[in-house]
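One letter stands for each residue in the lines below.
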Amino acid sequence: MKLSGFKPRQTPLRATAPTKASVPLLKLRKCPVKKGGCGASFRPLRPGQLACMGEGCAVAVGAWLTASKAKAAHKEDVKQTRAAREAMKTIPQLKKEAQREFNRYIRARDRASGVHCISSGRPLEWDVPGGLVDAGHYRSTGAADHLRFNEDNCHAQSVRDNRDLGGNAVAYRAGLIARIGLERVEALEANNTPVKWTREGLANIRDSYRRRANALEKARR
């Protein structure tokens, strides 16, 4: 039987609090402040908290961060200054730097292999203060600029033979044939292909021979 006008009673819905997401606890870490003997283990209250809540620890870490940022800024300044100086270098300057590193590599290479002076055949005096060993070119850099970085064209030579005897060319050729063979010597003598030096190319030559010379010198220590 239906009763007209009767409405069933509805129970009002109760408001429910939203479920809180559980926040995982951060891992324990050690306070990095050694001054004062802290080093206590603590659980960070927020990501990125480096020090415990001990008195003075936050201040010490803040000072360390400031110093680190200053050091990083100084390092970046030095990097930018070097880059600016590098960009200002001329081709003659880069050629000089590349030649210095190439010559250093030639001396390190020939010292490691234990060879004698390319022209006189006498033992080289490596450890004399001031140095008595040059990186002597068979075809000079003045006459054959394109061969200045050719490894067949440059060998360890006594200062006397290279400077006082003007390279001692006849004896150098005989020593060179004995070392690398007549075919390679004649290839050097016939090589007259000009080279156009560029800033980028010279910088690459400099850096490459610097790495190679450093590696040989490090291995000798």
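Coordinates for the structure precede this section.
Described in the following lines is the structure provided in the data block. Just so it is clear, the model here is predicted, and its values are computed rather than measured.

Here we look at helix H6 (residues 199-220)
Note on helix geometry: an α-helix contains 3.6 residues per turn, so any two residues three or four positions apart are oriented the same way.
Here is step 1: Look at H6: 32 Å from first C-alpha to last across 22 residues, which is about the 32 Å you get at 1.5 Å a residue.
Here is step 2: Buried residues in H6 make contact with helix H1 (57-88) and helix H2 (91-113).

Re the pattern of salt bridges
Here is step 1: Summed over all chains, the structure comprises 20 salt bridges.
Here is step 2: Between Arg 111 and Asp 127 there is a salt bridge; the shortest N-O distance is 2.6 Å. Taken together, the positions of Arg 111 in helix H2 and Asp 127 in the loop between H2 and strand S3 (133-137) put the pair 16 residues apart, joining distant regions of the chain.
Here is step 3: Its relative accessible area of 23% is what places Arg 111 among the partly exposed residues.
Here is step 4: With a shortest N-O distance of 2.7 Å, Arg 173 and Glu 189 are connected by a salt bridge. Placement of the pair is Arg 173 in helix H4 (residues 169-180) and Glu 189 in helix H5 (residues 182-190), with a sequence separation of 16 residues.
Here is step 5: Residue classification places Arg 173 among the partly exposed residues on the basis of a relative accessible area of 29%.
Here is step 6: Residues participating in the shared-partner salt-bridge network are Glu 86, Lys 89, Glu 97, Arg 100, Glu 101, Arg 104, Arg 206, Asp 207, Arg 210 and Glu 217.

Thoughts on the nonpolar core
Here is step 1: In terms of nonpolar packing, the biggest core is built from 13 residues, with Phe 102, Ile 106, Phe 149, Leu 202 and Ile 205 touching the most fellow members.
Here is step 2: Mapped by element, the contributors of at least two residues to this core are H2 and H6.
Here is step 3: Core analysis: the next-biggest nonpolar cluster, separate from the first, contains 9 residues, Ile 118, Ala 144, Val 185 and Leu 188 among them.

As for unusual backbone geometry
Here is step 1: One non-glycine residue with positive phi stands out, namely Asn 168, at about 50°.
Here is step 2: Summarising the element assignment, Asn 168 is placed in the loop between helix H3 (159-164) and H4.

Focus: the pairing of strand S4 (residues 154-158)
Here is step 1: Counting buried residues along S4, 5 of its 5 residues qualify, which places the element largely inside the surrounding structure.
Here is step 2: Burial of S4 is two-sided: the residues Cys 154, Ala 156 and Ser 158 facing one way and the residues His 155 and Gln 157 facing the other way are all buried.

Structural notes on the packing of H2 against H6
Here is step 1: At a closest axis distance of 8 Å, the pairing of H2 and H6 adopts a crossing angle of 25°. Taken together, the axes of H2 and H6 lie roughly parallel to each other. With respect to the hand of their crossing, H2 and H6 are arranged in left-handed fashion. The residues of H6 that touch H2, namely those facing Ile 91, Leu 94, Lys 95, Glu 97, Ala 98, Glu 101, Phe 102, Arg 104, Tyr 105, Ala 108, Arg 109 and Arg 111, are Arg 199, Leu 202, Ile 205, Arg 206, Tyr 209, Arg 210, Arg 212, Ala 213, Asn 214, Leu 216, Glu 217 and Arg 220.
Here is step 2: Considered class by class, the residues forming the contact of H2 with H6 number 11 nonpolar, 1 polar and 12 charged.

Quick word on the packing of aromatic side chains
Here is step 1: Following the criterion strictly, the structure yields 5 aromatic pairs and no others.
Here is step 2: Taken together, a centroid distance of 5.7 Å and an interplanar angle of 80° make the contact between Phe 102 and Phe 149 edge-to-face. Remark: Phe 149 occurs in the loop between S3 and S4 and Phe 102 occurs in helix H2; sequence separation between them is 47 residues. Each member of the pair, Phe 102 as well as Phe 149, carries the same accessibility label: buried.
Here is step 3: Pairing Phe 102 with Tyr 209 gives two aromatic rings, centres 5.0 Å apart and planes at 90°, and the pair type is edge-to-face. Of this pair, Phe 102 sits in helix H2 while Tyr 209 sits in helix H6, placing them 107 residues apart in sequence.
Here is step 4: Tyr 209 gets classed as buried once you look at its relative accessible area, which sits at 9%.
Here is step 5: Taken together through their ring pairs, the aromatic side chains of Phe 102, Tyr 105, Phe 149, Trp 197 and Tyr 209 make up a single cluster.

Criteria and cut-off values
Residues numbered from 1 in each chain as written. Predicted model: local features only at pLDDT ≥ 70, side-chain atom pairs only at ≥ 80, totals over all residues. Heavy atoms only, no water. Helix = DSSP H or I, 4+ residues; strand = E, 2+ residues; numbered from the N terminus. Expected span 1.5 Å × (residues − 1). Contact = heavy atoms within 4.5 Å. Salt bridge = Lys/Arg side-chain N within 4 Å of Asp/Glu carboxyl O. Buried < 20%, exposed > 50% of the residue type's maximum accessible area, 1.4 Å probe, protein only. Core = buried A, V, L, I, M, F, W, Y, C linked by side-chain atoms within 4.5 Å. Axes fitted to C-alpha atoms, helices over the stretch in contact; angles between N-to-C directions. Parallel < 35°, antiparallel > 145°, perpendicular 65-115°, else oblique. Left-handed = near helix turned anticlockwise from the far one by under 90°. Nonpolar A, V, L, I, M, F, W, Y, C, P; charged D, E, K, R; others polar. Phe/Tyr/Trp six-rings, centres within 6.5 Å; stacked < 30°, edge-to-face > 60°.

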